[in-house]
Amino acid sequence: LGSSAIIMLSLVVSLLALSATADRQLYFGFYDGIDTSEGGTLSYSNLELAGSPEEAVRISQAQAGHKIQALLSVRSTFFGSVNGSFGLLPDYNTRWSSLLPLGQQLLHNGTIMGFNLGDELVWNCLAPADLETAASTVRNDFPVGTAIIWYNEAAMLQDPHDSCGKKHPDYRIPSTIDWFSIDMYHMDGEVDGWVDHWVKTYYETWIYPNITSQQKVMLVPGSFGSNVNHYPNGTYICNNSCYDTMCAHDANDFYTWALSDPKVAAICPWNWYGCPGCNGSRFTPPHTCCMDEIGTKDQVKTTAAWKSIGAKIINDHTTWG
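Residues numbered from 1 in each chain as written. Predicted model: local features only at pLDDT ≥ 70, side-chain atom pairs only at ≥ 80, totals over all residues. Heavy atoms only, no water.

When helix α2 (residues 53-60) is considered as a whole, its buried residues turn out to be Pro53, Ala56 and Ile59. Projected onto a plane normal to the axis of α2, the buried residues spread over an arc of 130° and lie on a single side. On its buried face, α2 sits against β2 (47-50), β3 (69-73), α4 (92-108) and β6 (112-119). (Buried < 20%, exposed > 50% of the residue type's maximum accessible area, 1.4 Å probe, protein only. Helix = DSSP H or I, 4+ residues; strand = E, 2+ residues; numbered from the N terminus. Arc of directions from axis to C-beta. Contact = heavy atoms within 4.5 Å.)

In structure tokens, the structure reads:
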């Protein structure tokens, strides 16, 4: 090809890529829900991860000035304690059938856009076959294109196993879901390129080759702080101010990634409200004295970063590429 033909071909490819993503809607909302109080996240969120139908309705009726839709959690509909272990409830079909009419109504009126199967399900010792059963059950009633089905997993795809110590070589990302995500955090302070080097590379290596061309991903940035993140000798690794700078920096890198990657459907940072029982420290053993994951609402720089990003998503990029 001559140089002019090569330039024209490159232009055509670029235009096709732009066209393919021009009507892409990006969603944003904190993983632990929308805060409707003054100074909260309502004005710059368009996605609610609702724990109940009532919560989904409450958020949809809030005066946000823009449309907010929810992914309704169905974790407790399908999963729970079964003979002392976490598994598929024996009466899941009955429970799902009871929820189904309300789910159809909420989907029809735009209150919800789909369903959330749960968080770190296989990591929390659910059998992959049980996950597949739940996903297929929802999909059978809501064919592709009628509702989003999403679930989040721990970053264990390179060696599928659970926290009970069991290997799962049969684990696959269910082909019946629409969105998939993992959570991966760091706690050592601001690092240039950390998001691309670790999280994006993980998605490109372990997730993208294992999902279909129609499936999308959600990004779950770490967005919290800690006052107890120190080495065993008490020397601090990264105090709360350090976390704030780190998470604000990462927020902009996650947004840059989302803008350039048509596989990204949503950004849902963890967390807004804080999680006193979560381990925000690298070396603090779980469930001991010093659990103190501080929420974004108490992080000035990180709040400002996500507020700016959420506003851009809602106001500047209703449909965008």
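Having seen it, we continue.
Taken in spatial order, the eight strands of this open sheet run β1-β11-β9-β8-β7-β6-β3-β2, and their pairing is parallel. Of all strands in the sheet, those with a lone pairing partner are β1 (27-28) and β2, marking the two edges. In terms of strand pairing, strand β9 (residues 216-219) meets strand β11 (residues 264-267) through three bridges, oriented parallel. Bridging across to β11, Val217 finds its partner in Val264. On top of the sheet, helix α6 (residues 194-207) reaches β8 (179-183) and β9; it is set at about 130° to β8, its chief contact. (Pairing = 2+ DSSP bridges. Axes fitted to C-alpha atoms, helices over the stretch in contact; angles between N-to-C directions.)

Nonpolar side chains in soluble globular proteins tend to end up buried together. Counting 65 residues, the largest nonpolar core has Leu117 and Ile207 as the members making the most contacts within it. With residues up to four places along the chain from it excluded, the contact list for Ile207 reads Leu157, Ile173, Phe180, Ile182, Tyr202 and Val217. By size, the runner-up hydrophobic cluster in this structure holds 24 residues, among which are Leu71, Ile237, Cys275 and Cys278. (Core = buried A, V, L, I, M, F, W, Y, C linked by side-chain atoms within 4.5 Å.)

Here we come to the environment of Gly225. Along the chain, Gly225 falls in strand β10 (residues 224-225). Sequence separation between Gly225 and Glu293 is 68 residues; the distance between their C-alpha atoms is 5.7 Å. If near-sequence neighbours (up to four positions away) are discounted, Gly225 is found in contact with Asn240, Tyr243, Asp292, Glu293, Ile294 and Gln299.

For the rest of this paragraph, the subject is the state of the cysteines. What the rule picks out here adds up to three disulfides. Covalent S-S linkage joins Cys125 and Cys164, the inter-sulfur distance amounting to 1.9 Å. Between Cys125 and Cys164, the disulfide has an S-S torsion of 105° and is therefore right-handed. On the criterion of sequence distance, the pair formed by Cys125 in the loop between β6 and α5 (128-141) and Cys164 in the loop between β7 (148-154) and β8 is long-range, its members being 39 residues apart. Its relative accessible area of 19% is what places Cys125 among the buried residues. Across the disulfide, Cys238 is cross-linked to Cys242 (sulfur-sulfur distance 2.0 Å). Every disulfide takes its handedness from the sign of the S-S torsion; for Cys238 and Cys242 that torsion is -100°, giving left-handed. Given a relative accessible area of 1%, Cys238 falls into the buried group. On the accessibility criterion, Cys242 (23% relative accessible area) is partly exposed. (Disulfide = S-S within 2.5 Å.)

Bringing the packing of aromatic side chains into the picture now. Applying the stated criterion to the full structure yields 20 aromatic pairs. On the basis of an interplanar angle of 80° and a centroid distance of 5.5 Å, the ring pair of Trp96 and Phe115 is categorised as edge-to-face. You can see Trp96 sitting in helix α4 and its partner Phe115 sitting in strand β6, a full 19 residues away along the chain. Each of the two residues, Trp96 as well as Phe115, counts as buried. Ring plane angle 65° and centroid distance 5.5 Å describe the contact between Tyr151 and Phe180, whose orientation is recorded as edge-to-face. Taken together, the residues span a long stretch of sequence, with Tyr151 in strand β7 and Phe180 in strand β8 at a distance of 29 residues. Owing to a relative accessible area of 1%, Phe180 belongs among the buried residues under this scheme. (Phe/Tyr/Trp six-rings, centres within 6.5 Å; stacked < 30°, edge-to-face > 60°.)

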